[in-house]
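Report on the structure
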Amino acid sequence: MAISFVKCEMCPCKFRIKTICKPYIGMYKDKPVFHWYYFCPRCLHVYTVQYYNEHLNKHYDRYWGLRYKLILNEKNLEQYERILNEIEVCQVELLDAIENMKRELIPIRKV
């Protein structure tokens with residue numbers, strides 16, 4: 001099994017992702033929201049994997065399904081271009097959904 005390393009965008013560091021943090025950050029449409037992320041051990045830059053919520057998962061599922069479909073149809077150029085266009089539309093929808101979630105997010109109360 002190969003060990004994969006991630007190159008940090010902020011510093012010249014390469015590191016292996018050991019843990020993904022999944023803290024609870026608030027409520028959106030009466031469902032909890034978790035922020036899945038990992039960070040660079042050297043400069044502590046945060047890389048977001050996803051915001052986990054029942055209402056956002058359908059967008060993530062569609063996006064990752066299209067990415068997988070893209071890999072399977074590498075040799076068929078016609079389908080490859082069609083899937084690329086769908087992925088671009090799906091990314092815009094996903095980013096819009098994340099922005100709406102961030103706007104309407106009810107943060108946790110710190111006592």
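In this convention, every chain numbers its residues from 1, walking through the sequence in written order. Reporting of local features is limited, given that this is a predicted model, to residues whose pLDDT is at least 70; pairs of side-chain atoms are given and counted only at 80 or more, and all residues count toward the totals for whole chains, interfaces and linings. Side-chain descriptors were evaluated using all non-hydrogen atoms of the structure, hydrogens and water having been removed beforehand.

**Quick look at the environment of Val46**
Test applied: Each helix corresponds to a stretch of at least 4 residues labelled H or I by DSSP, and each strand to a stretch of at least 2 residues labelled E; elements are numbered beginning at the N terminus. Note on contacts: a residue pair is in contact if any heavy atoms of the two residues lie within 4.5 Å.
Looking at the secondary structure, you find Val46 in strand β5 (residues 46–52). Residue contacts for Val46: discarding those within four places in its chain leaves Tyr37, Tyr38 and Phe39.

**Considerations on the pattern of salt bridges**
Our working rule: Any Lys or Arg side-chain nitrogen found within 4 Å of a carboxyl oxygen on Asp or Glu counts as a salt bridge.
Scanning all chains against the criterion turns up three salt bridges. Salt-bridge contacts for Arg62 lead to Glu93; the nearest nitrogen and oxygen are separated by 3.0 Å. Of this pair, Arg62 sits in helix α1 (residues 54–72) while Glu93 sits in helix α2 (residues 77–104); the two residues are 31 residues apart in sequence, bridging distant segments of the chain.

**Details of the side chain of Asn73**
Position of Asn73 relative to the elements: it lies in the loop between α1 and α2. Apart from the residues within four sequence positions on either side, Asn73 is in contact with Gln79, Tyr80 and Ile83.

**Some points on unusual backbone geometry**
As a reminder of what qualifies: Think of it in three bands: residues with accessible area under 20% of the maximum for their type are buried, residues over 50% are exposed, and the middle band is partly exposed, with areas taken using a 1.4 Å probe on protein chains only.
For Asp30, which is not a glycine, the phi torsion comes out positive at approximately 60°. Residue placement: Asp30 occurs in the loop between β3 (24–28) and β4 (31–39). Here the phi dihedral of Leu44 falls at roughly 65°; this positive angle occurs in a residue that is not glycine. Note that Leu44 resides in the loop between β4 and β5. Leu44 sits in the exposed class, given a relative accessible area of 54%.

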